[in-house]
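# Chains, contacts and geometry: an overview
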Amino acid sequence: MKIAFYDAKPYDMDSFRRVSDAYPVTIKYYDTKLNEDTAELARGFDAVCVFVNDTVNAAVIDKLYEEGVRVLALRCAGFNHVDMKHAYGKLHVMHVPAYSPYAVAEHAMALLLTSVRRIHKAYIRSRDFNFSLQNLTGFDLHGKTVGVIGTGRIGRVFIEICRGFGMKVLAYDKFPAEGLADGENIRYVELDELFAKSDIISLHCPLTDETYHIIDEDALNRCKTGVVLLNTSRGALVDAEALLAGIKSRKVGAACLDVYEEESDLFFEDNSGHILEDDTLARLISMPNVIVTSHQAFLTQEALDSIAETTMENLREWEARGVSKNELCYRNGNIEPAGCESCFG
Ligand code: NAI
């Protein structure tokens, strides 16, 4: 099988080279992202492998199909960047549903601790031999209430970590997990109550039409003054303009963002020599109580190895059976795991 691998970074190539040796595949690594202009690089390939900021819209899908590609292997969990409806009947789409929920949940906690204990400020000060403690006062996490939106794989690990810190958890999920709530320290509530009572809010739900801007001006108005917002999920869950206004008005106490709505042209690249055109991001980054990391929550060795292994297995399974257990299929208006051999007639 010939695979065109887009947006290849050295760390991706290291993990995929280690794993792919055991498979009868040829992988061509392109450092460019997939989009309308670069889709033709996949001519003559059976599969393309993409990450979160590649463009997989209708035009790209048509182009890939024309070039002979039949499989789209996402080396990520989220698929909000793929026009699934348009892909149906053209490309088999498979993803990596879980690689390391610990990587993302632990990064969320790392951001939270950095923020509330001002580690990002203290680190810079002590490198300059400035050992003053002025303005570094933080707050205990113990006894605080954390609102967790999305209690899937990552949300549940994050809740476990928060419980280790002695925090109370208010959870919200469209499909609550059985056996998670204990009626005392972990309770499922409606969003209104979560917004009103949480000291910290962490987002762990997917980006869908329903969750787009789930944190907007109205939501922030319903939050406690001083709320700390964590987003390690998808940028467009948060209305960045509303967040900036919330930071300026002091309604929001701090924000930790691993993802950003308009990240696709910026994140994963070194833009240090360029003028940042995005005024909202520039203003957010300039705030002392905002921490931005560039979609790195997944980036642990364990997660990279697991992504490479699952992606190669997905493709092997597809080649052997015409379908993979991690295939996503647009059927009857829903996106479901495929499992059916007859999807494509
Ligand atoms: P998951 O599928 O295990 O859990 C998602 C949860 O969100 C489910 O319990 C689901 O019922 C819930 N949900 C769906 N619609 C909802 C709605 N309208 N309102 C509230 N909850 C809703 O997914 P997992 O593995 O926990 O990942 C969560 C998200 O984390 C992914 O969708 C992805 O966007 C993000 N992610 C970010 C990474 C990073 O590097 N920053 C890496 C991996 C994932």
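Residues numbered from 1 in each chain as written. Predicted model: local features only at pLDDT ≥ 70, side-chain atom pairs only at ≥ 80, totals over all residues. Heavy atoms only, no water.

### Regarding the overall build of the protein chain
Our working definition: Every helix listed is a DSSP run of H or I at least four residues long, and every strand listed is a run of E at least two residues long, numbered separately from the N terminus. For this measure, only C-alpha atoms enter the radius of gyration; the expected value for a globule follows 2.2 Å times N^0.38, where N is the number of residues. For every residue, the accessible area obtained with a 1.4 Å probe (protein chains only) is divided by the maximum for its type, and the residue is called buried under 20%, exposed over 50%, and partly exposed between those limits. Residues are treated as being in contact if the distance between any of their heavy atoms lies within 4.5 Å. Here the accessible surface of atoms and residues is derived via Shrake-Rupley with a 1.4 Å probe, and residues count as covered only by protein chains that are part of the display.
Looking only at helices and strands, the protein chain has eleven helices and 14 strands in total. Over its C-alpha trace the protein chain gives a radius of gyration of 21 Å, about what one expects of a compact globule, namely 20 Å for 345 residues. In terms of overall dimensions, the protein chain has a C-alpha envelope of 60 × 50 × 35 Å along the principal axes. When each of the 345 residues of the protein chain is scored for burial, the buried share is 51%. A separation of at least 24 residues holds for 66% of the contacts in the protein chain among residues at least 6 apart in sequence. For the protein chain, the exposed area adds up to about 16,600 Å²; of that, 49% sits on carbon and sulfur atoms.

### Focus: the side chain of N314
The criterion, for reference: Polar contacts, as counted here, are pairs of nitrogen or oxygen atoms within 3.5 Å of one another; within protein the pair requires one atom able to donate a hydrogen and one able to accept it, and residues that are adjacent in sequence qualify only if both atoms are side-chain atoms.
As for its position among the elements, N314 is in helix α11 (residues 301-321). A relative accessible area of 2% means that N314 is categorised as buried. In this structure the side chain of N314 is engaged in a polar contact, spanning 3.5 Å, whose partner is the side chain of S324.

### A short note on the pattern of salt bridges
The test is simple: Whenever Lys or Arg places a side-chain nitrogen within 4 Å of a carboxyl oxygen from Asp or Glu, that contact is recorded as a salt bridge.
Taken as a whole and assessed by the stated rule, the structure comprises 16 salt bridges. A salt bridge links K174 to E210, with the shortest nitrogen-to-oxygen separation between them at 2.6 Å. Separated by 36 residues along the polypeptide, K174 in the loop between β7 (168-172) and β8 (186-188) and E210 in the loop between β9 (200-203) and α8 (217-221) bring together distant segments of the chain. Residue class for K174 comes out partly exposed when judged on its relative accessible area of 49%. Across the pair E313 and R316 runs a salt bridge whose closest N-O atoms are separated by 2.9 Å. Taken together, the positions of E313 and R316, both in helix α11 and three residues apart, correspond to about one turn of that helix. Residue R316 is classed as partly exposed on the basis of its relative accessible area, which comes to 37%. Where salt bridges share partners, they join D7, K9, K33 and E269 into one cluster.

### A few points about the environment of N271
Relative to the elements of secondary structure, N271 occurs in the loop between β11 (252-257) and α10 (279-286). Put simply, N271 and G183 are 88 residues apart on the chain and 48 Å apart in space, counted from C-alpha to C-alpha. Polar side-chain contacts of N271 include one of 3.0 Å to the backbone oxygen of L266.

### Quick word on the packing of helix α1 (residues 10-20) against α11
How two helices sit against one another is set out by the angle between their axes and by the gap between those axes. Put simply, the rule reads: The angle between two axes is taken between their N-to-C directions and runs from 0 to 180 degrees, where each axis is a line fitted to C-alpha atoms and a helix contributes only its stretch in contact. Orientation categories follow fixed angle ranges, with anything under 35 degrees roughly parallel, anything over 145 roughly antiparallel, 65 to 115 roughly perpendicular, and all other angles oblique. Note on convention: near helix rotated counterclockwise from far helix by under a right angle means a left-handed crossing. Clockwise means right-handed. Classes in brief: Ala, Val, Leu, Ile, Met, Phe, Trp, Tyr, Cys and Pro nonpolar; Asp, Glu, Lys and Arg charged; the others, Gly included, polar.
One can describe the packing of α1 onto α11 by two numbers: an axis separation of 9 Å at closest approach and a directional angle of 50°. Between α1 and α11, the crossing angle belongs to the class labelled oblique. Our pair here, α1 against α11, has a crossing hand that is right-handed. Judged by residue contacts, Y11, D12, S15, F16, R18, V19 and S20 of α1 engage Q301, L304, D305, I307, A308, E309, T311 and M312 from α11. Tallied by class, the residues present in the contact of α1 with α11 amount to seven nonpolar, four polar and four charged.

### Observations regarding the sheet that holds β8
Stated precisely, the cut-off is as follows: Criterion used throughout: strands pair if DSSP finds at least two bridges between them.
Sheet architecture is open: seven strands sit in the order β8-β7-β6-β9-β10-β11-β12, paired in parallel fashion. Only two strands of the sheet have a single neighbouring strand rather than two, namely β8 and β12 (290-292). Along the sheet, successive strands turn relative to each other by an average axial angle of 15°, direction set aside. Pairing analysis gives five bridges linking strand β10 (residues 227-231) to β11, with the strands arranged parallel. Considered in β11, the bridge of V228 is made with A254.

### Overview of the packing of helix α9 (residues 240-248) against α10
It is at 10 Å that the axes of α9 and α10 come closest, and there the two elements cross at 35°. Classified by chirality, the crossing of α10 by α9 is left-handed. Along its contact with α9, which presents A240, E241, L243, L244 and K248, the element α10 presents T280, R283 and L284. A class-by-class count of the residues in the contact of α9 with α10 yields four nonpolar, one polar and three charged.

### Topic: the nonpolar core
The condition that has to hold: Definition used in this section: a nonpolar core is a set of buried Ala, Val, Leu, Ile, Met, Phe, Trp, Tyr and Cys residues joined via side-chain atoms within 4.5 Å.
V48, L64 and L72 are the most contacted members of the largest nonpolar core, which has 49 residues in total. No other element matches α11, which puts six residues into this core. Once residues lying within four places of it in the same chain are set aside, the contact partners of L64 are L34, A39, A42, V48, V69 and L91. Counting 35 residues, the second largest nonpolar core, distinct from the first, contains I149, L191, C205 and C223.

Just geometry here; none of it tells us what the structure is for.
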